Structures are given as structure tokens and as C-alpha cells.
Amino acid sequence: MDIVGTTPAAPKAIHLSDYAPPAWLIDTVELHVDLREDVTTVTSRLAVRRNPVRAAEGPAPLVLDGEAMELVSVTVDNRLLHPADYAVTAESLTVPRLPEAATVEIVTRIKPQENTALQGLYKSSGNYCTQCEAEGFRRITYFLDRPDVMARYTVTIEAEKARYPVLLSNGNLVDQGDRLDGRHWARWNDPWPKPSYLFAMVAGALTQVEDRFVTRSGREVTLRIFVEPGNEGKVAHAMDSLKKSMKWDEDAYGLEYDLDIFNIVAVSDFNMGAMENKSLNVFNTKYVLANPETATDTDFLGIETVVAHEYFHNWTGNRVTCRDWFQLSLKEGLTVFRDQQFSADMNSAPVKRIQDVTRLRQVQFAEDAGPTAHPVRPESYIEINNFYTPTVYEKGAEVLRMYRTLLGPQGYRKGIDLYFQRHDGQAVTTDDFLAAMRDANPDAAVDWAQFQLWYRQAGTPVVEADGAYDAASRSYRLTLRQSLAPTPGQPEKAPLLIPVALGLVGPDGADLPLRLEGEAAAAGSTRVLHLTEASQSFTFVDVPAAPVPSLFRGFSAPVRLRFPCSDAELTFLMAKDSDAFNRWEAGQTLATRIILGMVAERTAGRAMTVPPAFVEAVGATLARAHEDRSFAALALMLPSEGYLGQSMEVVDPDGLHEARETIRRTVGSSLGAALRRLYGECREDGPFAITPEAMGRRALKNACLGYLMAAGDAEAAALCLEQYRGGSGMTDVLAALSLIADSDLPEREACLEAFATRWQGEPLVMDKWFTVQALSGRPDTLERVRRLTGHPAFSIRNPNKVYALIGGFTANQARFHAADGSGYAFLAERVLELDGLNPQVASRMVKAFARWRKFDAGRQAHARAQLERIQATPGLSPDVFEIVERSLDG
Ligand code: B3K
Ligand code: ZN
């Protein structure tokens with residue numbers, strides 16, 4: 001059989017400025033999918049009509065997208081077309097000369113069993129499933145595969161009953177039946193019009209766990225989670241998270257579920273975390289399966305968040321969708337913000353905020369500072385799948401948070417309500433969203449044109465702050481200056497509207513009332529200033545004593561703050577700031593300052609010293625730890641090597657690693673007694689549970705263990721081994737194993753081996769085993785990672801394995817950026833190997849090179865050589881091509 005379109009055409013860029021509405025619309029789709037082991041036949045009946053908004057242009061041909069398929073036949077209004085009546089290329093099917101409206105029937109053949117890219121219809125562990133976002137539907141049948149074409153789908157799936165007893169698609173099951181030859185069929189109808197990227201179908205031997213949710217208006221919704229047999233016992237947390245999400249969306253946003261069924265299917269081969277297909281979410285097993293033996297607290301929290309995220313998409317993404325893919329953040333930024341709010345409500349809001357900001361800084365700030373920097377609303381792309389980025393998702397969520405900070409919770413909610421009132425059932429833009437926020441809040445003092453720049457300008461703004469207290473006039477003058485460095489394609493930037501939530505902390509640690517010059521009275525003790533100019537001063541009056549400013553409380557804007565305060569002021573804020581985020585932030589700023597100072601000492605050939613005041617500050621954190629253990633665990637965490645590197649002119653991975661390890665060792669030995677005491681308290685206090693309190697206890701205990709192990713004493717090693725061997729739950733076992741994998745303990749190999757033997761039947765646990773080894777700071781890590789690519793539990797075809805081992809290794813700054821370039825060569829080999837199989841995964845991996853210019857000349861030369869080697873490889877996917885091009889150009 002001839003599969004059309006296996007060789008990709010030369011990659012070309014798509015521009016937002018070229019957007020035009022579709023010439024044709026599709027009202028209904030009737031799909032018949034006949035699944036057979038050798039080939040799958042898809043028959044698609046489309047009711048098409050000319051788009052009235054383009055009527056003035058006269059008749060246009062119907063041009064459908066399609067890739068990697070064999071076209072069997074095309075019928076128009078029941079008349080079979082001769083091949084001369086249409087044109088097929090590697091990417092399209094063109095039918096000229098159609099009437100105003102027609103029924104077009106297309107038959108295609110595909111081979112899901114050979115689909116390693118995991119886009120379109122493919123097989124995972126013997127079951128059929130789909131992934132259509134962004135452009136996978138065109139690998140199933142010819143279609144107007146763009147989000148602004150919304151149709152009603154009726155889908156009939158036919159397959160062998162014994163092998164594929166479960167047949168699912170979107171919407172409601174309307175009919176089903178058996179055939180005489182051992183095959184059976186099921187017909188699904190989705191009453192809600194949707195874009196093709198939300199289509200899904202599944203066929204397989206799966207077992208289900210069922211529950212129900214009654215919506216606030218009384219709709220009874222059947223909830224089902226489908227997993228491979230044997231995994232039924234691991235879905236309770238996901239189910240619980242789903243019910244909580246459904247309730248929360250009603251309470252917090254007034255949004256109710258709109259069908260009688262909500263299905264989740266977990267598959268083990270999946271490029272991302274999960275997918276929000278209408279009423280048939282397809283999930284990576286990583287975000288469904290969990291029990292305390294196999295999953296860590298982080299996994300449990302991840303499941304809660306991702307289940308919520310996909311559920312929330314039902315309104316923010318599905319009911320109101322994107323006009324085009326440049327608008328991706330319309331649904332992703334908003335939905336991430338919603339899942340962040342949800343998780344904050346379910347757990348601890350400050351802890352969640354710290355975690356979210358840590359991630360934003362680690363990955364999004366890095367993206368913003370490199371060659372792949374792009375605005376929240378990009379202007380052009382070669383491969384849209386490359387734009388499911390931290391900028392579109394996480395920075396996009398920060399933009400949503402800023403709307404709420406500027407408008408207040410009620411103003412924000414009014415905007416959301418108007419957005420749904422105006423746009424339910426439509427495919428819209430981020431400008432439409434902004435307009436709804438604006439129009440719902442006519443009295444808000446917000447310059448919306450300026451706010452819109454957050455969508456258009458790439459890069460992380462830097463805000464420099466300076467404060468001066470004048471005792472005579474009892475006033476405090478704060479000067480803020482903003483700047484935004486050029487990013488690829490954007491040499492000039494305009495000042496942004498930056499919401500600055502701040503407080504002034506008095507000498508006793510209490511917040512001072514905030515009254516700006518010219519105001520009649522103080523307005524609270526935390527308030528939001530609008531920084532709109534390149535430089536702006538704010539004078540506070542009635543300030544009784546010199547305050548310490550607490551700026552960007554709750555991280556009110558995604559900026560880098562430079563504020564020349566003293567170490568003593570930072571220590572003061574660590575202890576006293578009423579804003580939990582800024583208490584944490586002060587500690588991070590202090591640690592960053594000290595680590596960078598130590599790296600400078602090392603570069604100058606001097607011995608690195610840890611200032612005693614820092615150790616004291618950590619001691620104070622330990623002393624307060626019982627007040628909020630989750631928070632204390634985060635306060636004890638040093639900034640990551642990757643994040644620290646962002647503050648260096650030329651990143652020195654070895655220096656950073658050594659400085660950070662030196663601090664860990666020094667804290668571990670100087671505060672050994674306190675750390676051991678706290679470790680003991682946390683261990684003994686309370687039974688095993690998946691509650692914020694118990695998770696906080698484990699996090700704090702493991703943070704203490706980390707410092708104790710860094711100090712390298714025998715007692716710590718004994719504790720660690722004991723925790724590894726006797727740990728109740730994967731959180732503790734894995735925390736101990738990571739420390740062991742990072743150490744020189746003689747028991748190291750035996751522990752790693754025992755773990756693999758114990759968990760060989762659990763792929764998700766084996767992923768962790770790969771990651772702890774890939775993250776080890778030991779000098780032989782690369783060698784080990786290379787060896788592990790040949791381990792029977794590893795497969796380059798399984799995205800989770802690639803992310804765990806290869807992705808884990810690229811996150812190991814000291815080892816991946818080895819001065820001899822060995823880490824880069826290894827990654828390039830893996831990228832080339834992956835690209836032929838799964839371009840999306842290959843492209844995600846190749847992004848690890850993007851920051852190569854931040855390193856010294858030697859490392860740059862090695863990285864460039866590997867990027868050029870990839871670039872010179874014939875037949876590169878557009879996915880990898882685009883990232884490599886940008887990395888070399890930028
Ligand atoms: N919308 C999907 C992501 C699809 C990625 C396509 N390459 C998951 C999510 O954001 O919820
Ligand atoms: Zn999403």
C-alpha cells in the first residue's frame with residue numbers, strides 16, 4: 001500500500017498576519033472507522049457549505065488537510081469522483097467546483113500500528129487511541145483541520161470484539177451491535193460542535209472504574225476511568241480529583257458540566273500529560289495511576305492538577321475555543337491559571353504559588369532569555385507543536401493572574417462571565433478575551449492597550465527598585481524602573497503595565513498602612529501599584545520609621561526584580577514579612593547572592609566560604625519549621641543550578657555545582673543536631689496519609705535528610721538507608737534512593753538494583769529509577785545513562801522513558817554541560833534517533849541545547865558542532881528543524 005506524504009515538504013513558516021476565515025465550513029461529520037490488524041479504513045461523510053463571510057470572493061475550491069494516508073475514493077453528493085476531478089498532494093486534497101453546499105464522502109486507509117509519532121490514530125499496548133491536537137486529525141482523514149471549523153460528529157467504530165471490547169468516542173453512545181464474524185460496533189454522537197483537534201476515539205481491552213457526579217442543576221454524570229486490566233486499584237485519586245474539579249468549577253467559576261458522560265482513558269504511550277478531548281480525555285498513565293507504594297506526593301499533586309486542568313478545558317478550550325493556533329494561550333494560559341487556583345484551594349495557597357513560580361523561573365524565564373523566546377501570542381511558527389511552551393502555558397497563566405490582580409476577584413469574575421456570555425460556542429482570540437475583561441469593567445483604571453503588550457512582547461522584564469526614607473517628612477519614596485531586553489525579531493520594546501503588589505514592613509515586623517502622597521487616607525497594608533512608565537516614583541507618607549519594602553508580593557508580575565537591599569534586610573523579611581511568598585523569596589535571594597559570590601571566589605582562585613549569617617538564617621528557618629512544614633521544606637530548598645545559571649553572564653556549571661554542594665555540606669554539618677531533631681519529629685508525627693499536612697511532614701523530613709547526607713556522616717547514611725529500606729510509601733523511598741544514587745555509599749549499587757528488581761513490573765516506577773540515576777551528580781553519570789538506554793525497561797519509543805532518562809540527564813546541569821562536550825554529543829545522537837520515530841519528543845529534547853550561547857567558548861563550540869550536525873542531517877522533521885534553526889540563529 002502506498003502511504004502518501006511520508007516525506008515532509010520543506011518547512012515553511014505560518015504567520016498570524018495571514019489569518020483568513022475558512023472558505024468552507026463543515027456542519028456535520030459522520031465517521032466510520034473500521035479497525036483491522038493490517039489496515040484501518042476510515043470513511044468520512046462531511047456536510048460542507050461555503051462560508052458566507054467569504055461569499056464576496058466567489059467560488060473557492062475545497063482544500064482539505066491530510067497527511068500520511070492512502071486516499072481510496074472521493075464522492076460528492078453520492079457521485080464517485082474520477083481521480084482527475086480532484087488533486088492530492090502530500091498535505092492536501094483539493095476538490096474544485098463544488099456547489100454551495102455538498103456532502104463529500106472520503107475513504108482513506110491508515111496504519112495506526114506503525115504510527116510511532118503518536119499523533120492521529122495509533123496503538124499503545126495493543127489498544128487504539130488518538131491524539132489530534134494540534135494537527136493530528138489530518139492523519140486520520142482529510143479535513144479542514146483548523147480550530148475555527150466546528151462540526152457535530154457522529155462516529156461509528158468497528159473492531160474485533162474479543163481484542164477490542166471497549167469502543168469509545170466523544171459524546172453519547174447512541175447505538176451498538178455485534179456482527180456475525182466476531183466483530184462489533186459502537187456509534188457515538190457528540191451534540192456539541194467542536195474543532196477536529198478535540199476528536200478522540202479509543203478501542204481496546206480496558207477495564208473501567210465508575211463513579212458519578214451530580215451537577216448543581218441536578219444533571220447526573222457518569223464518570224468512568226478506563227485503564228489496562230490490573231490497574232483498577234490505582235485510579236481512586238484521579239477519580240476523586242475529577243469530582244473535586246467538577247465541584248470547584250461550579251463554585252469558583254459558575255461552570256457546570258454539559259453532558260451525561262465523562263470518560264478518561266489512561267494510555268502508557270503519550271507525548272504529553274493528557275488531552276482534553278470532549279468528554280473523552282486521554283491521559284498519560286503518569287497522571288492517572290497512583291497508590292502510595294508506587295507514587296510520590298508530587299505525583300499525587302500532579303494528578304490532581306492535570307485531571308483538573310483537562311476537566312476545566314471543557315469550558316476554557318472546548319465550549320469556547322481558539323480561532324487559530326496563535327491564540328493557544330487563550331485556552332492554555334487561562335486553564336493553567338484555573339488549575340493553579342484549584343490546587344491552591346485544595347492544598348496550601350502560598351506553597352502552590354512558590355512551586356508555580358519556581359517552575360516559571362526555571363523553565364519559562366530560561367526560554368524568554370534564549371533563542372526560542374516568543375510572545376505569549378506568537379506571530380509565526382513552522383511547527384505548531386513546538387509552541388506548547390512554558391511561555392504559552394505558564395507565562396500565559398501569569399497574564400491571567402495579572403488581570404485578576406488588576407481587577408480584583410469580582411472584576412475578574414465579571415470579565416469571565418461576559419467572555420462566556422459573548423463567546424460560548426465560538427472560536428475566538430486573546431483580543432476577544434481582553435475585550436470581555438475590559439468591557440465588563442468599564443470603571444477600572446487599566447490601560448488595556450498597554451496591558452495587551454503582555455501578549456505581544458517576548459522576554460522577561462527587569463524591574464529595578466530603589467527606596468529612600470526621609471525621617472524629617474516621614475515619607476518613603478520608591479522608584480521603579482522597568483526594562484525589557486531585545487528578543488529574536490523584537491529589537492525594540494515598550495514599557496508594560498506591571499502590577500506591583502507591595503507592603504512596607506516596619507521595624508517591628510508589622511505592615512505599615514500605605515498612604516500615597518495626595519491621598520486622604522491609607523488604603524490597606526498591601527496594595528497594587530501600576531508601573532506603566534519606564535521609570536516612576538511613588539511617595540508614601542505618614543511612614544513612622546524606615547521600612548523594609550516587600551515588593552511583588554505573591555509574585556504579582558512575571559519579572560526579575562533587582563533591589564539593592566542588605567543581607568540583614570533579607571533575613572528580616574525571611575522572618576517577618578506577612579506575605580509568605582516574599583518570606584520565601586527573601587531566602588532565595590539571599591541564597592542566590594551567596595552562591596554567586598562563592599562561584600566568584602572560586603573563579604578568582606580563592607577558597608569558597610559560606611557566610612555564618614546564612615547558616616544562622618537556615619537555623620532560624622529550622623526553628624520555625626513546625627509552623628508550616630510544607631513551607632519550611634520549600635524555604636530550605638536552595639535555588640536550582642539551572643536557575644542560578646540564569647543570573648550569570650557566562651554560566652559556570654562546575655562552579656555552581658560545587659558552590660551549591662558546599663553550602664549543603666556546610667549547613668548539614670553546622671546544623672546537624674537541629675536537622676536530626678526535626679527529621680525525627682517529622683518521622684514520628686502522624687500516620688501515613690495523602691493530606692497537605694502529611695505531605696508537608698514528608699517534604700520537610702526529606703529536606704533535612706538531604707542536608708544531613710550532604711554532610712556525609714555515617715549516622716546520616718544509616719538514616720537514609722533505613723528510610724530507603726523501611727520507607728512507607730514511594731515519596732520516602734525515592735527521596736532516600738536519590739540521595740543514595742548521588743552518593744559514594746558502598747550500598748549504592750545494591751540499592752539501585754534491588755529497586756529495579758522490586759519494581760520491574762511498574763513502568764511508572766521504573767521511570768523514577770531512570771531519573772534518579774540521570775540526575776546524579778556523580779562524574780560517571782553519562783556513562784551510566786548511556787548504559788541505561790540499553791536496559792530492558794527502557795524504550796526510545798515510549799515518551800515517558802525518554803523524558804525520564806534523557807530529559808532527566810539534560811536537567812542535570814553539571815553533567816549535561818560537561819566541558820568535554822560528551823553530554824551534548826550524547827543528546828544529539830538521541831535526538832537523531834528519536835526524530836525518525838517521534839518528532840515531537842525529539843523536538844522537546846533538542847530544546848536542551850537552546851541556551852548554548854550562555855556558556856563559555858569551549859562548551860559553545862561543542863554545542864554548536866552538535867547543533868550543526870543535527871541541522872545537516874537529511875530528512876529532519878519540521879519540529880526539530882525549527883528549534884535547531886532558531887538555536888543557531890538566535
Ligand atoms: N491541550 C493538550 C496539549 C496538546 C499538545 C499538542 N502537541 C493538553 C493540555 O494542555 O491540556
Ligand atoms: Zn491545557
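Residues numbered from 1 in each chain as written. Chains lettered and ligands numbered in written order. Predicted model: local features only at pLDDT ≥ 70, side-chain atom pairs only at ≥ 80, totals over all residues. Heavy atoms only, no water.

J.: Where do I start with the pairing of strand 29 (residues 527-531) in this structure?
T.: As a general feature of sheets, a regular strand has side chains that alternate between the two faces. A one-sided burial pattern is seen for strand 29, the buried positions being Arg-527, Leu-529 and Leu-531 and the unburied ones Val-528 and His-530. Note that strand 27 (residues 498-505) and strand 29 share five bridges and pair antiparallel. Across the sheet, the residue bridging to Leu-502 is Arg-527, located in strand 29. (Buried < 20%, exposed > 50% of the residue type's maximum accessible area, 1.4 Å probe, protein only. Helix = DSSP H or I, 4+ residues; strand = E, 2+ residues; numbered from the N terminus. Pairing = 2+ DSSP bridges.)

J.: Looking at this structure, I do not really get the packing of helix 19 (residues 748-759) against helix 20 (residues 763-774). What am I missing?
T.: A packed helix pair is summarised by two numbers, namely the angle formed by the two axes and the spacing between the axes. Remark: helix 19 packs on helix 20, axes separated minimally by 9 Å, with the N-to-C direction vectors making an angle of 160°. Taken together, the axes of helix 19 and helix 20 are roughly antiparallel relative to one another. Judged by the twist between their axes, the crossing of helix 19 over helix 20 is left-handed. Contact residues: Leu-752, Phe-755, Ala-756 and Trp-759 in helix 19; Val-765, Met-766, Trp-769, Val-772 and Gln-773 in helix 20. The residue makeup of the contact of helix 19 with helix 20, split by class, is eight nonpolar, one polar and no charged. (Axes fitted to C-alpha atoms, helices over the stretch in contact; angles between N-to-C directions. Parallel < 35°, antiparallel > 145°, perpendicular 65-115°, else oblique. Left-handed = near helix turned anticlockwise from the far one by under 90°. Contact = heavy atoms within 4.5 Å. Nonpolar A, V, L, I, M, F, W, Y, C, P; charged D, E, K, R; others polar.)

J.: What is the right way to read the confidence of the model for the protein from this model?
T.: If pLDDT is low for a region, its predicted coordinates should not be looked at in detail. The predicted model of the protein averages 97 in pLDDT, with 99% of residues at 70 or higher. Within the model, the stretch residues 4-8 combines pLDDT values under 50 with nine contacts to residues more than four positions away or in other chains. (pLDDT = per-residue confidence, 0-100.)

J.: Looking at this structure, I do not really get the domain arrangement of the protein. What am I missing?
T.: Accessible area lost on assembly of the parts is the figure often given for the size of an interface. Segmenting the protein into domains produces domain 1 (1-205), domain 2 (321-456) and domain 3 (462-564). On a C-alpha basis, the centres of domain 1 and domain 3 stand 55 Å from each other. (Domains from an automatic or database assignment.)

J.: I tried to follow the coordination of the zinc ion (ligand 2) on my own but got confused; where do I start?
T.: Note on metal sites: the ideal angle is 109.5 degrees for four tetrahedral donors, and 90 or 180 degrees for six octahedral donors. Summarising the metal site, the zinc ion (ligand 2) is bound by the protein donors His-309 (NE2), His-313 (NE2) and Glu-332 (OE), whose distances to it range over 1.9 to 2.1 Å. If you list the donors of the zinc ion (ligand 2) from N- to C-terminus, the spacing comes out as H-x3-H-x18-E. As far as the burial class goes, His-309 and His-313 line up, both buried. (Donors = N, O, S within 2.8 Å, 3.2 Å for Na, K, Ca; no water.)

J.: Even after reading the chapter, I still don't get the pattern of salt bridges, so can you show me in this structure?
T.: Pairing between side chains of opposite charge can happen when the charged atoms of each approach one another. In total, this model carries 75 salt bridges according to the counting rule given. Close ionic contact of Asp-65 with Arg-138 constitutes a salt bridge, the shortest N to O distance being 3.6 Å. Here the residue Asp-65 occupies a position in strand 4 (residues 62-65), and Arg-138 occupies one in the loop between strand 11 (127-131) and strand 12 (151-160), the gap between them amounting to 73 residues. The buried category is assigned to Arg-138, whose relative accessible area is 10%. For Asp-732, the salt bridge is made with Lys-701, and the minimal N-O distance between the two is 2.5 Å. Separated by 31 residues along the polypeptide, Asp-732 in helix 18 (residues 730-741) and Lys-701 in helix 16 (residues 692-711) bring together distant segments of the chain. Within this structure, Asp-34, Arg-36, Glu-158, Arg-179 and Arg-183 form a network of salt bridges that share partners. (Salt bridge = Lys/Arg side-chain N within 4 Å of Asp/Glu carboxyl O.)

J.: When you look at the UniProt feature "domain: Peptidase M1 membrane alanine aminopeptidase" (unreviewed entry) in the protein in this model, what are you seeing that I'm missing?
T.: Those places that UniProt annotates as "domain: Peptidase M1 membrane alanine aminopeptidase" (unreviewed entry) correspond, in this numbering, to residues 238-441. In residues 238-441, the share of helix is 57% and the share of strand is 10%. The end C-alpha atoms are 37 Å apart. (UniProt positions renumbered as here; feature names shortened; annotations may be inferred.)

J.: Looking at this structure, how should I read the packing of aromatic side chains?
T.: The geometry of two aromatic rings is summed up by the distance between their centres and the angle between their planes. A full pass over the atoms with the stated rule returns 38 aromatic pairs. Seen in terms of ring centroids, Phe-137 and Phe-143 are 4.9 Å apart; in terms of plane orientation they differ by 80°. Their pairing is edge-to-face. A residue is classified by how much of its surface remains accessible, and Phe-143, at 0% relative accessible area, is buried. An aromatic cluster is present here, built from Trp-248, Tyr-253, Tyr-257, Phe-262, Tyr-311, Phe-312, Phe-337, Phe-342 and Tyr-412 joined pairwise through their rings. In this arrangement the basic side chain of Arg-664 is found over the ring face of Tyr-707, its NZ or CZ atom lying 5.8 Å from the centre. When the ring centre of Trp-759 is taken as origin, the NZ or CZ atom of Arg-758, which lies over that ring, is 3.8 Å away. (Phe/Tyr/Trp six-rings, centres within 6.5 Å; stacked < 30°, edge-to-face > 60°. Lys NZ or Arg CZ within 6 Å of the ring centre and 35° of its normal.)

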